[in-house]
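The lines below spell out each chain.
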Amino acid sequence: MRQVSHADRRDAADSTGPEDERPDRVGSFRFWFDDQRWEWSDEVAALYGYLPGQVQPTTDLVLSHKHPADRAAVADALATAVRDHGAFCSRHRIIDTAGNVRHVLVVADHIFDGTGAVVGTSGYFIDLTATVDQQRREVLDEALPEVVEARAAIEQAKGMLMLAYGLTAEQAFQVLRWRSQETNTKLRVLAAKLVTVAAAAGGGPVEQRTRLDHLLLTIHEYPD
């Protein structure tokens, strides 16, 4: 799995304070069901307050950092993923090693072995703690005029993410912008695809979230 990285990556010691409020901090992870083995990128380690390679992630370690009010729900989501071999997706709060509370969104899909069996889940931790100030939003709109021109599709896609994950409008926009940059797909094109394909999917709330996770991670591969 390709590890998510940033050109301006800083040491974890410099990236956990309140002055570092980058809304686009994203890190990748893998979780195998049979032995509950974790792998995470340096960005996820930094999100929790650790230096690269400082600790070996485990389920106990991951859960120990969850906000007390969210810990039981995250533990249940992990247990359900292991039991049903489903993707681990969640929106919750973590407390890093410096005591800072961070809001994260976990977007994930399945890991398959050579026979096609589901053996784990992999995806991304997205730090939603920070909000983008108006100046950065104006720069984004100037750099991406298609965002303004195709606002309707983008607003619909934002609404879908807000409904599925309980995000604010700004947080939903950041998730879309991340996938646009990550897949080198124009934001308006990505949003329109997400709306069109997701609208054709059915199922209950749990299935819808799982499908949306999958679509969000693979929508750039769908034909135009």
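Structural data are supplied above this passage.
Conventions we followed
- Residues numbered from 1 in each chain as written.
- Predicted model: local features only at pLDDT ≥ 70, side-chain atom pairs only at ≥ 80, totals over all residues.
- Heavy atoms only, no water.
- Buried < 20%, exposed > 50% of the residue type's maximum accessible area, 1.4 Å probe, protein only.
- Helix = DSSP H or I, 4+ residues; strand = E, 2+ residues; numbered from the N terminus.
- Pairing = 2+ DSSP bridges.
- Phe/Tyr/Trp six-rings, centres within 6.5 Å; stacked < 30°, edge-to-face > 60°.
- Lys NZ or Arg CZ within 6 Å of the ring centre and 35° of its normal.
- Axes fitted to C-alpha atoms, helices over the stretch in contact; angles between N-to-C directions.
- Contact = heavy atoms within 4.5 Å.
- Expected span 1.5 Å × (residues − 1).
- Core = buried A, V, L, I, M, F, W, Y, C linked by side-chain atoms within 4.5 Å.

Undergrad: Lay out the pairing of strand E3 (residues 90-95) in plain terms, naming residues and giving numbers.
TA: Successive side chains on a regular strand alternate, one facing one side of the sheet and the next facing the other. Only one face of E3 is buried, namely the one carrying Ser-90, His-92 and Ile-94, since none of Arg-91, Arg-93 and Ile-95 on the opposite face is buried. Counting the residues that bridge the hairpin from E3 to strand E4 (residues 101-112) gives five residues, and of these Gly-99 lies at a positive phi of roughly 90 degrees.

Undergrad: I'd love a proper account of the packing of aromatic side chains, names of residues and values included.
TA: Evaluation of the coordinates by the stated rule reveals nine aromatic pairs. Arranged with centres 5.1 Å apart and planes meeting at 75 degrees, the rings of Tyr-124 and Trp-178 form a pair that is edge-to-face. Taken together, the positions of Tyr-124 in strand E5 (residues 118-127) and Trp-178 in helix H7 (residues 169-183) put the pair 54 residues apart, joining distant regions of the chain. A single burial state applies to Tyr-124 and to Trp-178, both of which are buried. Among the aromatic residues, ring-to-ring pairing joins Phe-29, Phe-31, Phe-33, Trp-38, Trp-40, Tyr-48, Tyr-50, Phe-88 and Phe-125 into one connected group. Seen from the ring of Trp-178, Arg-179 lies directly overhead, with NZ or CZ sitting 4.8 Å from the centre.

Undergrad: Which residues make up the sheet that holds E3, and what values go with them?
TA: The antiparallel open sheet is built from five strands, whose spatial order is E2-E1-E5-E4-E3. Both edges of this open sheet fall to strand E2 (37-40) and E3, since each of them pairs with a single strand only. Neighbour to neighbour, the strand axes of the sheet diverge by 30 degrees on average, direction disregarded. In the sheet, E3 pairs with E4 via six bridges, with the strands oriented antiparallel. Across the sheet, His-92 pairs through a bridge with Val-104, a residue of E4. Running over the sheet, helix H3 (residues 68-84) touches strand E1 (26-32), E2 and E3 and is turned about 130 degrees from E3.

Undergrad: Report on unusual backbone geometry, specifying residues and quantitative values.
TA: Unlike most non-glycine residues, Gln-36 shows phi in positive territory, near 50 degrees. One can find Gln-36 in the loop between E1 and E2. For Gln-36, a relative accessible area of 37% puts it in the partly exposed group. Located in the positive-phi region is His-85, a residue other than glycine, with phi close to 55 degrees. Tracing the chain through its elements places His-85 in the loop between H3 and E3. On the accessibility criterion, His-85 (31% relative accessible area) is partly exposed.

Undergrad: With reference to specific residues and values, describe H7.
TA: Helix length check: H7, at 15 residues, gives a terminal C-alpha distance of 21 Å against a target of 21 Å (1.5 Å per residue), a fit within 8%. Extensive coverage of H7 is indicated by the burial of eleven of its 15 residues. Among all positions in H7, only Gln-171, Ala-172, Phe-173, Gln-174, Val-175, Leu-176, Arg-177, Trp-178, Arg-179, Ser-180 and Thr-183 are buried. Downstream of H7 by a residue or two, Asn-184 has a phi angle that is positive, lying close to 55 degrees.

Undergrad: So what's going on with the nonpolar core? Residues and values would help.
TA: By size, the foremost hydrophobic cluster in this structure holds 27 residues, and its most contacted members are Leu-105, Ile-126, Leu-161, Leu-167, Val-175 and Leu-176. Residue assignment for this core shows that the elements contributing at least two residues are E4, E5, helix H6 (151-165), H7, helix H8 (187-199) and helix H9 (205-218). Looking at this core element by element, the count peaks at six residues for H8. Every residue in contact with Leu-167, bar those within four places of it in the chain, is listed here: Arg-91, Leu-105, Leu-128, Leu-161, Met-162, Ala-172 and Val-175. One finds Ala-45, Tyr-48, Leu-61 and Phe-125 within the second-largest nonpolar core, a separate group that totals 23 residues.

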